[in-house]
Amino acid sequence: SAKLYQYAVQRYIKFAGEGVTIEKITEQSLNKFVKKLEAEDLSPVTIKDYMNHIKMILGFAVDDGIIHKNPALRVEIKSTEIIKVFLTLHEVKALNKTECIRPEIKNAFLFSCFTGLRISDILNLKWTDVKEDTLLLVQQKTRMIVSQPLSKTAINILHDQRQYKTDLYVFHLLEKNRIRKHL
């Protein structure tokens, strides 16, 4: 989104100084910017996102004749392999049988397991996003529209969730960090 591009540029301006112009951006200054971001302990994915946004803006500047070549084309960003860990069906079933002080948090977690929704989407899920046995919503992170049929288990979790709240949101949860404590 436009805000992400704007934020990446603001980060670069903060690094390079207010007087920086697009013509003054060099491959060397961008490499120093990447090193500074790495020193801040940002994830390689975040750094790559910043640089992709800056690279695209510089590409537009080349297309518009403002600069002759894109200084970001050869900037190297360390990449790390992201290892995703998934629960087995056995583990999910065991979790389902486990008592929880906050059953709503357990329901939200299990619903996420059976739908693949991120925590940001779970926190913003409204009853109007559920149409009979189908989920239809706009993802918070990607702004992509998701339309997916719900499994019987996911539908049962929603029915169980109705006993806790029947207003706008399906799940009424704590902040993300406090949710992890309960899980």
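A brief structural summary. (Residues numbered from 1 in each chain as written. Predicted model: local features only at pLDDT ≥ 70, side-chain atom pairs only at ≥ 80, totals over all residues. Heavy atoms only, no water.)

1. Structural notes on the overall build of the protein
Heads up, the rule is: Strands here mean DSSP runs of E at least two residues long; helices mean DSSP runs of H or I at least four residues long; both are numbered from the N terminus. Both definitions apply: the radius of gyration is a C-alpha atom measure, and the globule rule equals 2.2 Å times residues to the power 0.38. When checking whether two residues touch, look at their non-hydrogen atoms; a contact exists if any pair is within 4.5 Å. Note on areas: these come from Shrake-Rupley sampling with a 1.4 Å probe, and a residue is covered only by the protein chains present in the view.
If you tally the helices and strands in the protein, you get 8 helices and 3 strands. In sequence order, the protein lays out its α and β elements as α-α-α-α-α-α-β-β-β-α-α. Rg of the C-alpha trace for the protein: 22 Å, well past the compact-globule value of 16 Å for 183 residues, more than 25% over. With the C-alpha coordinates of the protein rotated into their principal frame, the extents come out at 60 × 30 × 25 Å. When contacts within the protein are restricted to residue pairs at least 6 apart in sequence, long-range pairs at least 24 apart make up 55% of them. Summed over its atoms, the accessible surface of the protein is roughly 12,700 Å², and 55% of this surface lies on carbon and sulfur atoms.

2. So, the pattern of salt bridges
Note the following rule: Salt bridges are counted wherever a side-chain nitrogen of Lys or Arg sits within 4 Å of a carboxyl oxygen of Asp or Glu. Summary of the burial criterion: residues with accessible area below 20% of their type's maximum are buried, those above 50% are exposed, and those between are partly exposed, where the area comes from a 1.4 Å probe applied to protein chains only.
Scanning the entire structure with this criterion turns up 3 salt bridges. We note a salt bridge from E40 to R11, for which the minimum N-O separation is 2.3 Å. In this pair, E40 is assigned in the loop between α2 (27–39) and α3 (44–63) and R11 in helix α1 (residues 2–16), connecting sequence segments 29 residues apart. Overall, the relative accessible area of 15% leaves R11 in the buried class. E40 sits in the partly exposed class, given a relative accessible area of 33%.

3. Details of the pairing of strand β3 (residues 145–149)
Heads up, the condition is: Pairing between two strands is assigned when DSSP locates at least 2 bridges connecting them.
Along β3, the buried face is formed by V146 and Q148; none of I145, S147 and P149, which line the opposite face, is buried. Inspection of the sheet shows strand β2 (residues 134–138) paired to β3 by 5 bridges, in the antiparallel sense. Within β3, the residue paired with L137 across the bridge is V146. Counting the residues that bridge the hairpin from β2 to β3 gives 6 residues, and of these R143 lies at a positive phi of roughly 65 degrees.

4. Describing the side chain of S29
Formally: Polar contact is the term for a pair of N or O atoms within 3.5 Å; when the atoms are in protein, one must be able to donate a hydrogen and the other to accept it, and sequence-neighboring residues count only if both atoms are side-chain atoms.
Tracing the backbone through its elements, the reader meets S29 in helix α2. Taking relative accessible area as the criterion, S29 reaches 16% and is therefore assigned buried. Within the structure, S29 has its side chain in polar contact with the side chain of Y12 (distance 2.7 Å). When sequence neighbours within four positions are dropped, the list of residues in contact with S29 reads Y12 and F15.

5. Remarks on the nonpolar core
Definition in use: Here, the term nonpolar core denotes a set of buried Ala, Val, Leu, Ile, Met, Phe, Trp, Tyr and Cys residues that are joined through side-chain atoms within 4.5 Å.
Counting 20 residues, the largest nonpolar core has F111, I122, L125, L135, L150, L158 and F171 as the members making the most contacts within it. At the level of elements, α5 (103–115), β2 and α7 (152–161) are the ones that each hand at least two residues to this core. Beyond its immediate stretch of four places on either side in the chain, L158 contacts F111, W127, V130, L150 and V170. Core analysis: the next-biggest nonpolar cluster, separate from the first, contains 16 residues, Y12, L30, I54 and I67 among them.

6. Thoughts on the sheet that holds β2
With antiparallel pairing, 3 strands are arranged side by side in an open sheet as β1-β2-β3. Each of the sheet's edge strands pairs with one partner strand only, and the pair in question is β1 (130–131) and β3. The pairing of β1 with β2 spans 2 bridges and is antiparallel. Each bridged residue has a counterpart across the sheet, and for K131 the counterpart in β2 is T134.

7. Brief notes about the pairing of β2
What you see with β2 is a clean split: L135 and L137 sit on the buried side and T134, L136 and V138 on the side with no burial. Remark: 2 residues form the turn of the hairpin made by β1 and β2, two consecutive strands paired antiparallel; E132 in that turn has positive phi of roughly 55 degrees.

Any link to function would need more than the numbers given here.
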